[in-house]
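Here is what each chain is made of, one letter per residue.
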Amino acid sequence: MKDAPKAQPGAVKGLKADMIWGVIWVALGIFAILYSMPYAEVPSFDPIGAAYLPRLLGSGMSILGLGLFIDSYFKFRNLLRTVKVESTERDGPQSSNYQGAVRILLSIIACVCYIALIEPLGYILTTPAFITAIMTIYGESDKKRIAAMAVGMTAALYAIFALGLKVLLPPGIFEGILQ
Amino acid sequence: MGLFAQALKVVLQPSALLANAFGVVVGIIAGAIPGINASMAMAMILPFTWGMDVIHALLMLAGIYCGGQYGGAITAVLIGVPGTTSAAATVMDGYMMHKKGKSGKALGMALIASTIGGFVSAAVLIVLAIPLAKVALAFGPAEYFGLAALGLTLIASLSGENIYKGLLSGLFGLLLATVGIDPFAGVSRFSFGIPNLAEGLDMIPVMMGLYAVSEVLEEIEKRIPRQRIDERASTELPTAKEVLNLLPLIAVCSLIGCWVGVMPGAGASIACWIAYNYAKTVSKNGHLFGTGVLEGVAAPECADNGVTGGAMVPLLALGIPGSNSTAVMLGALVLHGINPGPLVFRDTPLIPYSIFVGLFVANAFMFLFGLLLVKPSIKFVNAPESVLYSGILALVFTGAYTLTNDPWPIIVTLFFGVIGYFLRKHGFQPPAIVLGLVLGTIFETSLRRSLTLSNGSWSIFMTRPIAAVLSTATILSLVFFFGKRYLPKRSRA
Amino acid sequence: MKRVIALVSVLGILIGLTLVLSGCKSEAKSYPSKSISIVYHSSAGSGGDIFLRNLGKALEKQLKQPIVIENRPGGGGATAWGYVAKAKPDGYTLLGISSTIITGPLQTPMDVNYKSFKPIAQVFYDPTVIFTSSKSEFRSFKEIIEYAKAHPKEMKWGAGSPGSAESLTLKYIMNQVGAEIQVVPFEGGGDVAVEVMAGRLAAGIGEYAEIAHLVRSGDLKILVGLGSERIPGLPDVPTLKEEGVDFVFEKVRGLMAPKDTPDYVVQKLVDAIKKVYDDAEFKKYYTESNIIPLFRGPEELSKVLDQQNEFFKSMIGK
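The present account deals with the structure reproduced in this document. (Residues numbered from 1 in each chain as written. Chains lettered and ligands numbered in written order. Predicted model: local features only at pLDDT ≥ 70, side-chain atom pairs only at ≥ 80, totals over all residues. Heavy atoms only, no water.)

**Here's the deal with the packing of aromatic side chains**
Residues and elements named next belong to chain C. Counting across every chain of the model gives 43 aromatic pairs over all chains. Judged by centre distance (4.8 Å) and plane angle (45 degrees), the ring pair of Y172 and F247 falls under tilted. In this pair, Y172 is assigned in helix α6 (residues 165–177) and F247 in the loop between β8 (220–225) and β9 (250–258), connecting sequence segments 75 residues apart. Accessibility expressed as a relative area gives 18% for Y172, which makes it buried. The exposure class assigned to F247 is buried, which follows from its relative accessible area of 8%. When the ring of Y277 is compared with that of Y286, the centres are 6.4 Å apart and the planes differ by 80 degrees; the resulting orientation is edge-to-face. Neither Y277 nor Y286 differs from the other in exposure class; each is buried. (Phe/Tyr/Trp six-rings, centres within 6.5 Å; stacked < 30°, edge-to-face > 60°. Helix = DSSP H or I, 4+ residues; strand = E, 2+ residues; numbered from the N terminus. Buried < 20%, exposed > 50% of the residue type's maximum accessible area, 1.4 Å probe, protein only.)

Okay, structure coming up:
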């Protein structure tokens with residue numbers, strides 16, 4: 001970065017991403033306009049109808065998305081013109097980024113499993129498993145701490161919600177035992 | 001003053017104090033738990049108040065109502081999840097202060113502001129309940145539209161560096177608000193054949209996803225240990241000087257809360273944003289809002305407790321509940337054979353006056369219990385990162401589940417958590433999305449309702465006096481914002 | 001911190017143990033031997049929810065078992081109804097119904113409708129009324145309709161959302177009398193009341209329970225009731241029939257059960273429901289809340305639901 005005083009690390013990547021985001025928003029805006037077309041045909045109690053706001057928002061999104069794209073495109077060109085970045089950008093700590101992405105992916109999978117299993121298996125079984133999974137994914141190595149947290153947190157939540165507030169948490173396989 | 005003395009005597013009996021205090025504790029806890037709010041807690045307790053004396057029952061419910069408004073701030077500050085929708089604006093600066101280690105200051109400020117807001121609104125209620133009742137009727141769809149539009153201008157100033165990204169975030173939030181069955185045409189919009197979407201998106205899971213889950217995902221990705229123990233969340237409270245400096249702001253925002261509360265269709269989830277917007281506009285530190293400034297915590301918190309007294313005006317003087325919480329109180333009143341409305345002041349004046357006095361006492365209790373809770377709750381979040389983040393996810397998901405006793409809200413929470421993670425990473429503004437979602441429904445319905453009443457003429461927003469004031473304020477707020485942002489640059493160039 | 005964790009976990013184990021032990025009570029043959037949940041499609045604190053909570057409390061005394069109200073909002077009702085339709089038909093999961101169980105599935109396609117359940121009983125009905133501001137020049141239903149006929153599409157009336165029972169019945173009434181008005185939809189009757197009181201709307205339609213206190217305070221006056229008989233306590237308010245429109249609408253509040261629930265369970269519940277009307281506390285609740293006790297057994301309830309379904313089906317198409 002010696003010969004590139006103005007470029008922030010990741011600036012080029014950020015601007016490229018912004019250009020992609022610009023396209024995404026334009027697409028979402030156009031989608032909103034097209035998808036809400038049939039709503040205009042539905043008779044409504046009011047003069048402007050059900051399609052009015054989605055259309056307005058869709059148009060706004062497309063225009064602003066285009067604005068974002070153009071804005072970041074010019075910033076991108078200026079940056080390339082004034083700064084030599086190619087080599088410095090590539091040297092980033094790739095491996096830690098990669099591990100971070102894996103951790104996120106694993107956490108999301110854990111969440112999805114939790115959602116899928118909470119009703120069939122029951123709250124008091126899935127919650128400690130979920131907490132254990134998240135802590136392990138985060139990199140917690142203290143087994144005792146994981147166990148204490150998994151049991152303790154589940155018990156505390158169960159006490160607050162099911163016993164204190166009388167909300168029904170899914171009993172799952174304990175159905176019939178826990179009433 | 002005879003009535004006051006009488007009411008004071010009733011409210012200060014030990015059993016009445018106990019009912020009130022119990023309500024406040026329940027309210028704070030219910031408010032702090034994401035997914036449970038004051039009105040739900042009130043509904044669950046209502047059948048148990050059957051055998052009680054009516055004043056005791058009302059004091060308990062009023063206690064829950066007040067406590068709940070503050071409780072939401074605890075989770076907003078400490079884990080970045082608004083415990084109730086009215087604490088959504090508190091997250092902005094409260095959570096940033098916590099991240100800087102100033103948790104005690106943020107919580108203390110929220111508590112002090114909430115208490116003052118509560119006192120101010122109770123005082124306003126006492127002086128103005130009957131005259132204000134007439135004002136409540138003056139708020140029609142055109143006025144609600146003005147209010148929503150004024151609130152939405154905040155999107156622009158929430159934008160941060162990149163105005164495109166901020167505005168796009170806001171539009172996205174507004175679009176999310178259109179999901180579900182259209183209130184005027186009955187057609188199901190953007191529900192893609194999913195029955196759960198036909199009902200629209202509930203604010204709480206979306207907020208929990210955008211604010212909390214996205215943040216936890218980011219932390220799991222980075223895995224940077226937080227600061228050393230001694231730099232972690234401190235329990236130090238705001239100093240007297242800090243509080244005194246903010247008193248004028250707190251006073252104004254309490255009144256804003258009160259005013260929004262009087263409008264039966266608005267409520268605390270809107271009041272907090274209007275107050276935040278106001279504080280950001282007038283403060284010298286306006287540009288620092290969102291980075292963790294005390295004003296940013298004080299303004300929304302005093303406004304959402306200011307709502308409590310305001311909301312009692314249409315309830316007591318007209319018998320119109322403006323929110324679920326006041327609807328439950330109306331239920332309690334009716335259950336005991338009391339007809340709210342102008343007659344209540346003539347026939348059973350002790351009831352409204354006991355509520356007036358009870359609100360003061362409830363706020364005092366709230367301050368006391370809140371203060372006791374500051375230290376233990378901060379200690380709680382000083383747990384190791386792995387414990388904290390897994391705990392937040394478990395809490396948020398459990399809270400989401402209880403919203404409908406069904407996994408659907410968890411799915412929504414996770415979905416918006418993932419979306420929020422990507423948006424946040426690329427400089428978009430989750431608070432602007434939340435703001436769009438919160439105000440979107442009232443913005444659209446009041447717009448369409450106004451146009452129906454005016455036979456399609458847009459002039460309704462300028463010919464009705466209060467609506468005209470609000471529309472003008474909206475335009476001025478935009479002019480002011482863009483002027484501040486772009487004019488100095490030009491003059492410098 | 002460690003001490004806290006240890007404490008919490010000990011607490012957790014204790015709670016777990018008590019739960020397991022308390023659950024071990026042998027299940028008796030007689031119904032009900034454990035707590036009954038009544039599922040409802042809107043969240044805690046809504047009008048129907050408060051009704052069920054009060055009914056539940058009165059039923060508890062009859063059945064000698066705790067009754068839990070389970071709120072499963074979402075999907076315009078589909079979440080709650082789908083849940084109960086699939087629940088074990090053992091009488092421990094029941095469904096609280098309002099007229100939404102008819103209008104909801106007609107408006108959005110769902111896997112369930114009222115026919116997916118076994119009727120238990122109608123317990124009450126909510127009188128629906130047409131009201132106007134007490135300052136209004138219209139003194140009777142006939143007067144306001146005459147004005148509406150003379151000035152087509154000019155009057156603005158408040159009602160619920162487009163697919164709601166109120167909106168649809170209002171539409172039907174206007175078709176019957178041959179008047180054209182503009183309907184402004186609102187979320188609830190309370191909102192309509194504000195607009196009517198403020199004079200922004202000429203009149204409104206809604207549940208009597210929601211506006212009763214405003215009638216008593218003299219802010220609103222009721223022009224006509226939609227029930228088959230005059231509302232108790234309002235002897236001067238005519239019914240729609242008396243005003244020359246042959247139409248009756250009574251919003252149902254009642255209980256249903258999963259399809260295969262055994263008859264003896266239903267019978268037991270019906271017997272218990274018959275007795276709750278005399279419960280002093282509950283009586284106080286329903287008289288003060290202005291809902292009208294009306295008991296209909298399983299067959300009658302089923303008939304009423306069929307009728308209402310036919311009516312709303314024909315209205316939604318129009």
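**What to know about the interface of chain A and chain B**
If you look at the interface, chain A gives 64 residues, while chain B gives 64 residues. Where chain A abuts chain B, roughly 5,700 Å² becomes buried across the two surfaces, and 79% of that area is made up of carbon and sulfur atoms. Considering only the surface of chain A that becomes buried against chain B, L64, I115 and Y138 of chain A emerge as the three largest contributors, covering 13% of it. Inspection of the region where chain A meets chain B yields two salt bridges. A salt bridge links D18 of chain A to K165 of chain B, with the shortest nitrogen-to-oxygen separation between them at 2.9 Å. Taken together, chain A and chain B are joined by 13 residue pairs in polar contact (both at pLDDT 80 or more). Every element with two or more residues in the side of chain A that touches chain B is listed here: α1 (11–35), α2 (52–82), α4 (94–121), α5 (123–138) and α6 (143–164) of chain A. Each residue belonging to the side of chain A that touches chain B can be placed in one class, and the counts come to 46 nonpolar, ten polar and eight charged. (Contact = heavy atoms within 4.5 Å. Buried area = accessible area lost by both parts, 1.4 Å probe. Salt bridge = Lys/Arg side-chain N within 4 Å of Asp/Glu carboxyl O. Polar contact = N/O pair within 3.5 Å; in protein donor to acceptor, adjacent residues only side chain to side chain. Nonpolar A, V, L, I, M, F, W, Y, C, P; charged D, E, K, R; others polar.)

**Thoughts on α6 of chain C**
Residues and elements named next belong to chain C. Here α6 contains 13 residues, and its C-alpha end-to-end distance of 18 Å stays within 8% of the 18 Å for a straight helix at 1.5 Å per residue. For α6, the buried fraction is high: ten of the 13 residues fall into the buried class. Buried residues of α6: A165, E166, S167, L168, T169, L170, Y172, I173, M174 and V177, and no others. Positive phi shows up at G178, right after α6, with a value of about 75 degrees. (Expected span 1.5 Å × (residues − 1).)

**Some details on the nonpolar core**
Among the nonpolar cores identified, the biggest contains 284 residues, and W273 and F397 of chain B together with I120 of chain C are the most heavily contacted of them. The element contributing the most residues to this core is helix α4 (residues 54–79) of chain B, with 17 residues. Ranked by size, the runner-up nonpolar core spans 49 residues in total, among them F117, I144, L240 and V252 of chain C. (Core = buried A, V, L, I, M, F, W, Y, C linked by side-chain atoms within 4.5 Å.)

**Things to note about the environment of S254 of chain B**
All names here are of chain B. Relative to the elements of secondary structure, S254 occurs in helix α12 (residues 240–262). Placed 53 residues apart in sequence, S254 and V307 show a C-alpha to C-alpha distance of 7.9 Å. With residues near it in sequence (within four places) discarded, S254 still touches I116, G117, V120, C302 and G306. Within the structure, the side chain of S254 is placed 2.6 Å from the backbone oxygen of I250, a separation counted as a polar contact.

**Remarks on the pattern of salt bridges**
Taken as a whole, this structure holds 29 salt bridges over all chains when the rule is applied. Put simply, K61 of chain C and D279 of chain C hold a salt bridge, and the shortest N to O gap is 3.0 Å. Within this pair, whereas K61 of chain C is found in helix α2 (residues 47–63), its partner D279 of chain C is found in the loop between α9 (263–276) and α10 (280–288), the two being separated by 218 residues in sequence. For K61 of chain C, a relative accessible area of 40% gives the class partly exposed. Among the ionic contacts, a cluster of salt bridges with common partners joins D46 of chain A together with D182, R189, E444 and R448 of chain B.

**Notes on the packing of helix α6 (residues 103–138) of chain B against α12 of chain B**
Residue and element names in this part refer to chain B. Where α6 contacts α12, the two axes come as close as 7 Å, and the packing angle between them is 40 degrees. On the basis of the axis angle, α6 is oblique to α12. For the pair α6 and α12, the crossing hand works out as right-handed. Contact residues: α6 offers K105, M109, I112, A113, I116, G117, V120, S121, V124, L132 and A136, while α12 offers E242, V243, L246, L247, I250, S254, L255, C258 and V262. (Axes fitted to C-alpha atoms, helices over the stretch in contact; angles between N-to-C directions. Parallel < 35°, antiparallel > 145°, perpendicular 65-115°, else oblique. Left-handed = near helix turned anticlockwise from the far one by under 90°.)

**Things to note about empty space enclosed by the protein**
Residues and elements named next belong to chain C. One pass over the full model with this rule turns up two cavities of 30 Å³ or more. The volume enclosed by the second largest cavity comes to roughly 30 Å³. Taken together, G225, L226, G227, E229, R230, I231, V237, P238 and T239 make up the full set of residues lining the second largest cavity. Its residues assigned to classes, the lining of the second largest cavity shows four nonpolar, three polar and two charged. (1 Å grid on protein atoms, 1.4 Å probe; cavity = no way out; pocket = protein on both sides within 12 Å on 5 of 7 lines; lining within 4 Å. Points joined across faces, edges and corners; volume = space filled by probe spheres on them.)

**Comments concerning the side chain of T93 of chain C**
Secondary-structure assignment places T93 of chain C in strand β3 (residues 93–97). Discounting residues that sit within four places of it in the chain, T93 of chain C has contacts with S37, V39, Y83, V84, A87 and P258 of chain C.

**So, a nonpolar patch on the surface**
Side chains of Y98, V102, L105, L106 and I109 of chain A sit close together on the surface and give an oily, nonpolar patch of about 490 Å² of accessible area. Residue placement: Y98 of chain A occurs in helix α4. (Patch = residues over 30% accessible without salt bridge, like charges linked within 9 Å, V, L, I, M, F, W, Y side chains within 5 Å. Areas by Shrake-Rupley, 256 points an atom, 1.4 Å probe, with all protein chains shown as cover.)

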